[in-house]
Amino acid sequence: MSSAPVAQVTAAPSFAWTGFYVGGHLGFGNVRNNYLGVSSFTVATPWIGYSIGDRFSTGANGVVGGLQVGYNWQVGSNIVAGLEASVSLSSLSHFFIGPTGTPDDEYRTRLPVFGSLTGRIGYAADRALFYVKGGLAVGHFRFALEDFTPPIVGGFRHSTTRAGWTVGAGVEYAVARNWTIGVEYNYADYGSFDAGSGNLDIMRVSTKTHAVTVRANYLFSTGPGIATRY
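All figures in this text were calculated on a predicted structure; none of them were measured in a lab. (Residues numbered from 1 in each chain as written. Predicted model: local features only at pLDDT ≥ 70, side-chain atom pairs only at ≥ 80, totals over all residues. Heavy atoms only, no water.)

Asks: What is the right way to read the packing of aromatic side chains from this model?
Replies: Two numbers describe a pair of aromatic rings. These are the distance of the centres and the angle of the planes. Following the criterion strictly, the structure yields nine aromatic pairs and no others. Judged by centre distance (5.2 Å) and plane angle (80 degrees), the rings of Tyr-218 and Phe-220 are edge-to-face. Looking at Tyr-218, the relative accessible area reads 28%, which means it is partly exposed. Taking relative accessible area as the criterion, Phe-220 reaches 54% and is therefore assigned exposed. (Phe/Tyr/Trp six-rings, centres within 6.5 Å; stacked < 30°, edge-to-face > 60°. Buried < 20%, exposed > 50% of the residue type's maximum accessible area, 1.4 Å probe, protein only.)

Asks: Quick question: what am I supposed to make of the environment of Asn-61 here?
Replies: By the secondary structure assignment, Asn-61 is in strand β3 (residues 55-75). In this structure, the C-alpha to C-alpha distance between Asn-61 and Gly-29, residues 32 residues apart in sequence, is 5.7 Å. Apart from residues lying up to four places away in sequence, Asn-61 is in contact with Phe-28, Gly-29, Asn-30 and Leu-92. Within polar-contact distance, the side chain of Asn-61 engages the side chain of Asn-30 at 2.7 Å. (Helix = DSSP H or I, 4+ residues; strand = E, 2+ residues; numbered from the N terminus. Contact = heavy atoms within 4.5 Å. Polar contact = N/O pair within 3.5 Å; in protein donor to acceptor, adjacent residues only side chain to side chain.)

Asks: How should the side chain of Asn-217 be read in this particular structure?
Replies: Turning to its location among the elements, Asn-217 is positioned in strand β9 (residues 202-219). Asn-217 gets classed as buried once you look at its relative accessible area, which sits at 1%. In this structure, Asn-217 is in contact with Tyr-21, Val-22, Gly-23, Gln-68, Glu-172, Asn-178, Trp-179 and Thr-180, ignoring residues within four places of it in sequence.

Asks: Would you take a moment to explain unusual backbone geometry for this structure?
Replies: A negative phi holds for most residues other than glycine; trans holds for most peptide bonds. One non-glycine residue, Asp-126, lies in the positive phi region at around 60 degrees. In this fold, Asp-126 is placed in the loop between β5 (105-125) and β6 (128-147).

Asks: How do you make sense of the environment of Ala-81 when you look at a structure like this?
Replies: Along the polypeptide, Ala-81 turns up in strand β4 (residues 79-97). For Ala-81, a relative accessible area of 24% gives the class partly exposed. Each C-alpha atom, one on Ala-81 and one on Tyr-71, is 8.5 Å from the other, the two residues being 10 residues apart in sequence. Filtering out sequence-adjacent residues up to four positions away, Ala-81 remains in contact with Tyr-71, Asn-72, Trp-73, Arg-120 and Ile-121.

Asks: Any chance you could explain the environment of Arg-204 here in plain terms?
Replies: On the secondary structure map, Arg-204 appears in strand β9. Of the residues examined, Arg-204 reaches a relative accessible area of 32% and is grouped as partly exposed. Sequence-wise, Arg-204 and Phe-193 are 11 residues apart; in three dimensions their C-alpha atoms are separated by 5.7 Å. When near neighbours in sequence (up to four residues on either side) are disregarded, Arg-204 contacts Asn-34, Tyr-35, Leu-36, Val-38, Ser-192, Phe-193 and Asp-194. For Arg-204, the side chain forms a polar contact with the side chain of Asp-194, separated by 2.6 Å.

Shown next, in the form of structure tokens:
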């Protein structure tokens, strides 16, 4: 009697994360600014309302959104490493009345654009990817201090681009062969910069941000390996 043929068993295709991707993100951000009066010579600029050593901090919320591009390497069955660059526009801006000295000075700080270059490492469970990331953060800041009480009216503005560091974490899920959606959290510290009037009046500003965004990516190279056994 001849033996029956052994049936071929084909495993379900597993999702492959290796390849380039490009996408967009949109979400919610928070900026926290700390201020320190480094020097204030009121003879040079009599309207200045802070003194040396004065410290205070403020925060604001806003919308962030932008683009990202990156590359993933899937190592073995579950480990995914990658590099990603992103750029975001934001409405993160706040103004307030100076809490020290005469209450007639208006401070304003804006972070209109920022970006990052990060490495990623994650764990892939088929179509789900859980990851952490970290690397370089770059932000463009605009600072203004103005006195709005006549007759002593003055002010100064300062613009600078600062480099710092960022860390984050997220999860992505492949909803189709080439499309993923996900949620990501990022924290960034941009260090500090000195803003002044040119008359030896200097305010040191340090900035940190938090952001939670929803992401969508298009993967240019996916391809399941179909495991076949007998």
